[in-house]
Amino acid sequence: QVQLVESGGGLVQPGGSLRLSCAASGILVSRYAMNWYRQAPGNQRELVATINSDGSTNYADSVKGRFTISRDNTKNTVYLQMDSLKPEDTAVYYCNFRRSTTNFWGQGTQVTVSS
């Protein structure tokens, strides 16, 4: 059974950093394009970052240069390092991958950037 479990969210001041983790079971994260999405209240869920099976990465323009996606194949875990956080980064962050036509999601982790 596939399971994605996010952790690492919390309250941080503007300019601070957080690292989110997505621990996967039932799949090997190295074999799929793994994504981080976020959803702020009243907004649609948006794609933040992707790490492809070949290790290449892509980022939304709003987070380029501040966020870094990575994975540890030995731990079967995907990370999102978030630096220089801004209040507009406040959202619930979700881990995701797609297999065939099915999207798999974690439960989400709340990130709040506020002074």
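Look a little higher up for the structure.
Residues numbered from 1 in each chain as written. Predicted model: local features only at pLDDT ≥ 70, side-chain atom pairs only at ≥ 80, totals over all residues. Heavy atoms only, no water.

Let us now look at the nonpolar core. The biggest cluster of nonpolar side chains holds 28 residues, and the ones touching the most others in it are Met-34, Trp-36, Phe-67, Val-78, Leu-80, Met-82 and Tyr-93. At the level of secondary structure, the elements contributing two or more residues to this core comprise strand 3 (18–25), strand 4 (34–39), strand 5 (46–51), strand 7 (67–72), strand 8 (77–82), strand 9 (91–99) and strand 11 (109–113). (Core = buried A, V, L, I, M, F, W, Y, C linked by side-chain atoms within 4.5 Å. Buried < 20%, exposed > 50% of the residue type's maximum accessible area, 1.4 Å probe, protein only. Helix = DSSP H or I, 4+ residues; strand = E, 2+ residues; numbered from the N terminus.)

Summarising the element assignment, Tyr-59 is placed in strand 6 (residues 57–59). Given a relative accessible area of 23%, Tyr-59 falls into the partly exposed group. Taking C-alpha positions, Tyr-59 is 21 Å from Asn-73, a pair spaced 14 residues apart along the chain. Leaving out residues up to four positions away in the same chain, Tyr-59 has contacts with Val-48, Ala-49, Lys-64, Phe-67, Thr-68 and Ile-69. (Contact = heavy atoms within 4.5 Å.)

On inspection of all chains with the given rule, the structure shows 4 aromatic pairs. Between Tyr-94 and Trp-105, the aromatic rings sit 6.3 Å apart at their centres with planes inclined by 85°, giving edge-to-face as the arrangement. Here Tyr-94, found in strand 9, pairs with Trp-105, found in strand 10 (residues 102–105); they are 11 residues apart in sequence, far enough to count as distant. For the ring pair Phe-97 and Phe-104, a centre distance of 4.8 Å and an interplane angle of 5° mean the geometry is stacked. Phe-97 sits in the buried class, given a relative accessible area of 0%. Every member of this aromatic cluster is reached through a ring pair, and the members are Tyr-32, Phe-97 and Phe-104. In this structure, Arg-45 packs its charged tip against the face of Tyr-94, placed 3.8 Å from the ring centre. (Phe/Tyr/Trp six-rings, centres within 6.5 Å; stacked < 30°, edge-to-face > 60°. Lys NZ or Arg CZ within 6 Å of the ring centre and 35° of its normal.)

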